[in-house]
Structure formats: C-alpha cells, structure tokens
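Listed here are the chains, written in short residue letters.
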Amino acid sequence: MVRISKPKTFQAYLDDCHRRYSCAHCRAHLANHDDLISKSFQGSQGRAYLFNSVVNVGCGPAEERVLLTGLHAVADIHCENCKTTLGWKYALLCAWHILSHSLITAIL
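A quick note: this is a predicted structure, and the numbers were derived from the prediction, not measured. (Residues numbered from 1 in each chain as written. Predicted model: local features only at pLDDT ≥ 70, side-chain atom pairs only at ≥ 80, totals over all residues. Heavy atoms only, no water.)

Undergrad: Outline the overall build of the chain, listing residues and values.
TA: Summing up its helical and strand segments, the chain has 0 helices and 9 strands in all. Listing every helix and strand of the chain by position from the N terminus yields β-β-β-β-β-β-β-β-β. Sequence-distant contacts, at least 24 apart, represent 34% of the contacts inside the chain between residues at least 6 apart. Only carbon and sulfur atoms are counted for the fraction: they give 53% of the accessible area of the chain, which is about 7300 Å². (Helix = DSSP H or I, 4+ residues; strand = E, 2+ residues; numbered from the N terminus. Contact = heavy atoms within 4.5 Å. Areas by Shrake-Rupley, 256 points an atom, 1.4 Å probe, with all protein chains shown as cover.)

This is the structure in structure tokens:
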C-alpha cells in the first residue's frame, strides 16, 4: 500500500521581498522584513525581534507578566503549521479593538 502524504500548506504565503522571516522548524512564512520594528529585544531564551504584524501564527490566552520593562499583558504565540512556540505578543486590550505587536524568538 502506498501512503500519500499531505503536503504542507500554510495559511498565508508572503509575496516576494528582499527578506522574509520564517519558522526555523517548518519554514512557514511569518513576516516580511518591512514589518520588522526592532532587533533590540532580549527574550528569556536569547535574542528576539519585534514585528508590526505576522502571519501563520496562533496565540494563547493573554496574561499579565512582569518583564524587564514592567508589567505587560502578553500572549504566547506558536507556528500554526508545526505548533512550535515562537515567542509572545504584546496585547493591549482597548474598549473596541485589540492592538498587538509580536515578539518572535525562534525564527532564524
């Protein structure tokens, strides 16, 4: 019997640009270089990048955590394709909408 494996499909493919960030484990697209805000962050497991927006990620529930800069509302994020934990996102809950930025620590 021949087993046909299902090809990996991502929710979103990012258009061609000069630089794209992807999951280190499955190479799912995560962000374009144009969405990079800062490389000046340090996560608990090393260097971290702050992005304005990302794709192909899921997130857990928001919770308050004490970070180096104080108390923040954050939620862990993971790759939607392989479920690898990527980092966390800031979550600022407002009356009518949610503002967020994503901090990814496992992309290279």
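Undergrad: I'd like to hear about the nonpolar core, residue by residue, with values.
TA: Proteins that are soluble and globular tend to have nonpolar side chains buried together. Core analysis: the biggest nonpolar cluster contains 7 residues, these being Cys-23, Cys-26, Ala-28, Leu-30, Ile-77, Cys-79 and Leu-86. Counting residues in each nonpolar core, the second largest holds 6 residues, with Ala-31, Leu-36, Tyr-49 and Val-54 among its members. (Core = buried A, V, L, I, M, F, W, Y, C linked by side-chain atoms within 4.5 Å. Buried < 20%, exposed > 50% of the residue type's maximum accessible area, 1.4 Å probe, protein only.)

Undergrad: Lay out the environment of Glu-80 in plain terms, naming residues and giving numbers.
TA: For Glu-80, the position within the fold is in the loop between strand S7 (70–79) and strand S8 (85–93). Along the sequence, Glu-80 and Asn-56 sit 24 residues apart, while their C-alpha atoms lie 5.4 Å from each other. The residues contacting Glu-80, other than those within four sequence positions of it, are Gln-11, Asn-56, Val-57 and Gly-58.

Undergrad: Which residues make up the packing of aromatic side chains, and what are the values?
TA: For the structure on display, the rule yields 4 aromatic pairs. Between Tyr-21 and Phe-51, the ring centres sit 5.1 Å apart and the planes meet at 70°, which makes this aromatic pair edge-to-face. In this pair, Tyr-21 sits in strand S1 (residues 20–22) while Phe-51 sits in strand S4 (residues 46–51), placing the two residues 30 residues apart along the sequence. Among the residues examined, Tyr-21 registers a relative accessible area of 1% and is labelled buried. (Phe/Tyr/Trp six-rings, centres within 6.5 Å; stacked < 30°, edge-to-face > 60°.)

Undergrad: Can you lay out the state of the cysteines for me, pointing to particular residues and giving the numbers?
TA: Per the stated rule, a full pass over the model turns up 0 disulfides. Here Cys-26 is not disulfide-linked; the sulfur of Cys-79 is the nearest cysteine sulfur, at 3.6 Å. Its sulfur unpaired, Cys-82 is 3.7 Å from the next cysteine sulfur, which belongs to Cys-23. (Disulfide = S-S within 2.5 Å.)

Undergrad: Please set out the pairing of strand S6 (residues 63–67) residue by residue, giving values where relevant.
TA: Pairing of S6 with S7, which is carried by 5 bridges, proceeds in the antiparallel orientation. For Glu-64, the partnering residue across the bridge sits in S7 and is Ala-73. The hairpin turn running from S6 into S7, its antiparallel successor, is 2 residues long. (Pairing = 2+ DSSP bridges.)

Undergrad: Can you lay out the confidence of the model for the chain for me, pointing to particular residues and giving the numbers?
TA: Scored by pLDDT, the chain has a mean of 77; 73% of the residues are at 70 or more. In the model, residues 94–99 has pLDDT below 50 throughout and makes 7 contacts with residues more than four positions away in sequence or in other chains. (pLDDT = per-residue confidence, 0-100.)

Undergrad: Report on the pattern of salt bridges, specifying residues and quantitative values.
TA: Scanning the model with the defined rule gives 3 salt bridges in all. Among the ionic pairs, Glu-63 bridges to Arg-65, the shortest N-O distance being 2.7 Å. Among the ionic pairs, Lys-83 bridges to Glu-80, the shortest N-O distance being 3.6 Å. One salt-bridge network, held together by shared partners, links Glu-63, Arg-65 and Asp-76. (Salt bridge = Lys/Arg side-chain N within 4 Å of Asp/Glu carboxyl O.)

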